[in-house]
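A structural walkthrough
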Amino acid sequence: MDYDPVARVRVHLRKELLASGLDDRALAAALRAGTLVRVRYGAYVTGADWAGLDERGRHRVLVRAAVKQSRTPVVVSHGSAVAELGGPLWGLPTEVAQLTRLDQRAGRNAADLHQHRGVLRAADVAVRGGLRVTTPAVTVLDVVATTSTEVGLVVANHFLHNRATDLEQLETTRAFHEHRPGTLGARLVLRLCDPAVESVGESRSLYAFWRGGLPTPRLQWLLVGDDGREVRLDFAWPELGVFAEFDGRVKYGRLLRAGQDASDVVDAEKRREEMVCRITGWRCLRIMWEDLTDPDRLAWRVRSLASHHRPAA
C-alpha cells in the first residue's frame, strides 16, 4: 500500500488547543514561530507536518479541516474529491475545499470553502482516507458542471485509464443525475473520453482537436518498426497521413532509463519519429503545452501536414 503523508497529519481546532492549556497569546506565538500553521480559520496543523506536504497534500488537509468544522454531514466532492481520489489537479482550484451537504440545503461559502447542495445516492459515495468521498463517476459530473468540459475530460480520462470507473458506469450515473446542471457538458465529455488516453497533455490535445474541428484521431496507434518491435503513437489520422505526439516533459521523464538524461530521450524520440515517417510516409506533428491554448492553429497545422499526403494506390 502506498504511503500517504496526509494520514499522519492531525488537524487541531482552536477549541481543542485552548482545552489543552494553550491560550490565545501562546497560540499567536506558535504561529509566529512556525511551530503551528493555520490551515483555515480556527484550524491548525504543526509546522513540520505542513512543510512535508505538496500542493495536493495541503489541499487534502484543508478539506479535512473543513469537514471537521462542518456542523452537518458532508461528502468530499468536486475538485476536492479528485484530489482525494488521486486524480489530476490541472484546472482545479486547490485553495478551496469543496463539500456536498447531505441535508440538501445550501451551505455558507467562504474564501476557502464551497458547500454544494446536491442529492447523492448511497452508490454515489465511497470512503477514502477516512472520509466520505463522491465516486469517480459522480466526481466527473461535478467537475464538468462547475469548471469546464476540458477539465472534466482530463479527469474522466484519468479515472477511465486507471480503471477507477468505466464508460458504462459514467453513462449510468449521468442518466440518473440528468437533472443536474452541466448535463450538456457531461454528454460531450462522455462522447470524447477514452480509456486509452494516458496523460493530462493527451486529454487536452484530444479536446483541442475537437475544438479545432478535426476528425477524431486513432489513439495509441500501433505499428511495427524496423527492428520488429511495436511502436505506439499518441494520435494518428491514417486517412490524413498525419500522426501527433504530445511532447510533455513529464512524458520524457517516464521514458528515462538508468543512466539516461533528457537529451538521450529526445534523441531517441527523434530517431523513432524518423522511422515512423519512413515506414508510413506520414508526417509528424509535435505538440507542446503552449499549442493547446490555440485549437484553431493546431488544427490548421494538422491540415497543412495532411495537404502533402499522397494516399497509397
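On a predicted model such as this, the values are computed, not experimentally measured, just so you know.

A closer look at the pairing of strand E2 (residues 36–40)
Each regular strand carries side chains that alternate between the two faces of the sheet. Summarising burial for E2: four of the five residues are buried, a large majority. Sheet topology note: the E2/strand E3 (residues 43–46) ladder contains four bridges and is antiparallel. Among the inter-strand pairings, Arg38 is bridged to a residue of E3, identified as Tyr44. The hairpin turn running from E2 into E3, its antiparallel successor, is two residues long, and Gly42 in that turn takes a positive phi close to 85°.

Details of the nonpolar core
Grouped together as the largest cluster of nonpolar side chains are 45 residues, with contacts concentrated most on Val11, Val39, Val45, Trp50, Val61, Leu99 and Val140. With six residues, the single largest contributor to this core is helix H7 (residues 149–161). Among the domains, domain 1 (1–53) and domain 2 (54–195) are the pair contributing at least three residues each to this core. Once you skip the residues sitting within four places of it in the chain, Val61 turns out to touch Val6, Val9, Val11, Val39, Val45, Trp50 and Leu53. Val197, Leu206, Phe246 and Leu292 belong to the second largest nonpolar core, which has 19 residues in total.

Some words on the domain arrangement of the chain
Partitioning the chain into structural domains gives domain 1 (1–53), domain 2 (54–195) and domain 3 (201–308). Centre-to-centre separation of domain 1 and domain 2, based on C-alpha positions: 27 Å. Taken together, the contacts link 16 residues of domain 1 with 15 residues of domain 2. It is Val6, Arg40 and Leu53 that lose the most area in domain 1 upon contact with domain 2, and together they represent 47% of the buried surface on that side. Joining domain 1 to domain 2, the criterion identifies three salt bridges. Across the pair Arg60 and Asp4 runs a salt bridge whose closest N-O atoms are separated by 2.9 Å. Along the contact surface separating domain 1 from domain 2 lie eight residue pairs in polar contact (both at pLDDT 80 or more). Elements supplying a minimum of two residues to the side of domain 1 that touches domain 2: E2, E3 and helix H3 (47–51).

Here's the deal with the sheet that holds E3
The strands making up a sheet are joined through hydrogen bonds of the backbone, oriented either antiparallel or parallel. On the basis of which strands lie adjacent, the open sheet formed by three strands has the order E1-E3-E2 and antiparallel pairing. Each end of this open sheet is capped by a strand with a single partner; those strands are strand E1 (12–13) and E2. Relative to E3, E1 runs antiparallel, the two being bridged by two bridges. Looking at E3, one finds that His12 is bridged to Tyr44. Each of E2 and E3 touches helix H2 (residues 24–33); the most contacted strand, E2, lies at about 100° to it.

Observations regarding helix H4 (residues 55–69)
The terminal C-alpha atoms of H4 lie 21 Å apart, and with 15 residues this matches the ideal 21 Å at 1.5 Å per residue to within 8%. Within the span of H4, buried status applies to Gly57, His59, Arg60, Val61, Leu62, Val63, Arg64, Ala65 and Ala66. Structurally, the start of H4 carries an N-cap: the backbone nitrogen of Arg56 is 3.3 Å from a side-chain oxygen of Asp54.

Concerning the packing of H7 against helix H9 (residues 183–192)
Taken N-terminus to C-terminus, the directions of H7 and H9 make an angle of 45°; their axes are 9 Å apart at the nearest point. Classified by the angle between their axes, H7 and H9 sit oblique to one another. Seen from above, H7 lies across H9 with right-handed handedness. Between H7 and H9, the contacting residues are Thr149, Gly152, Leu153 and Ala156 on the first element and Gly185, Leu188, Val189 and Leu192 on the second. Counted by class, the contact of H7 with H9 contains five nonpolar, three polar and no charged residues.

Side note on the pattern of salt bridges
Under the defined criterion, the tally for this structure stands at 17 salt bridges. A salt bridge links Lys68 to Glu16; its shortest N-O distance comes to 3.2 Å. Of this pair, Lys68 sits in helix H4 while Glu16 sits in helix H1 (residues 14–19), placing them 52 residues apart in sequence. The exposure class assigned to Glu16 is partly exposed, which follows from its relative accessible area of 28%. Residue Arg101 pairs with Asp103 through a salt bridge whose shortest N-O separation is 2.6 Å. Residues joined by salt bridges that share partners form a network here, namely Asp4, Arg60, Arg64 and Glu84.

Some points on the environment of Leu18
Assignment of secondary structure puts Leu18 in helix H1. A relative accessible area of 29% means that Leu18 is categorised as partly exposed. Counting along the chain gives 287 residues from Leu18 to Leu305, while the straight-line C-alpha distance between them is 68 Å. Ignoring anything within four residues of it in the chain, the contact list for Leu18 reads Asp23 and Asp24.

Considerations on the side chain of Asp49
Summarising the element assignment, Asp49 is placed in helix H3. On the accessibility criterion, Asp49 (12% relative accessible area) is buried. Not counting residues up to four positions away in its chain, the partners in contact with Asp49 are Arg8, Val9 and Arg10.

Scoring rules and cut-offs
Residues numbered from 1 in each chain as written. Predicted model: local features only at pLDDT ≥ 70, side-chain atom pairs only at ≥ 80, totals over all residues. Heavy atoms only, no water. Buried < 20%, exposed > 50% of the residue type's maximum accessible area, 1.4 Å probe, protein only. Helix = DSSP H or I, 4+ residues; strand = E, 2+ residues; numbered from the N terminus. Pairing = 2+ DSSP bridges. Core = buried A, V, L, I, M, F, W, Y, C linked by side-chain atoms within 4.5 Å. Domains from an automatic or database assignment. Contact = heavy atoms within 4.5 Å. Buried area = accessible area lost by both parts, 1.4 Å probe. Salt bridge = Lys/Arg side-chain N within 4 Å of Asp/Glu carboxyl O. Polar contact = N/O pair within 3.5 Å; in protein donor to acceptor, adjacent residues only side chain to side chain. Axes fitted to C-alpha atoms, helices over the stretch in contact; angles between N-to-C directions. Expected span 1.5 Å × (residues − 1). Parallel < 35°, antiparallel > 145°, perpendicular 65-115°, else oblique. Left-handed = near helix turned anticlockwise from the far one by under 90°. Nonpolar A, V, L, I, M, F, W, Y, C, P; charged D, E, K, R; others polar.

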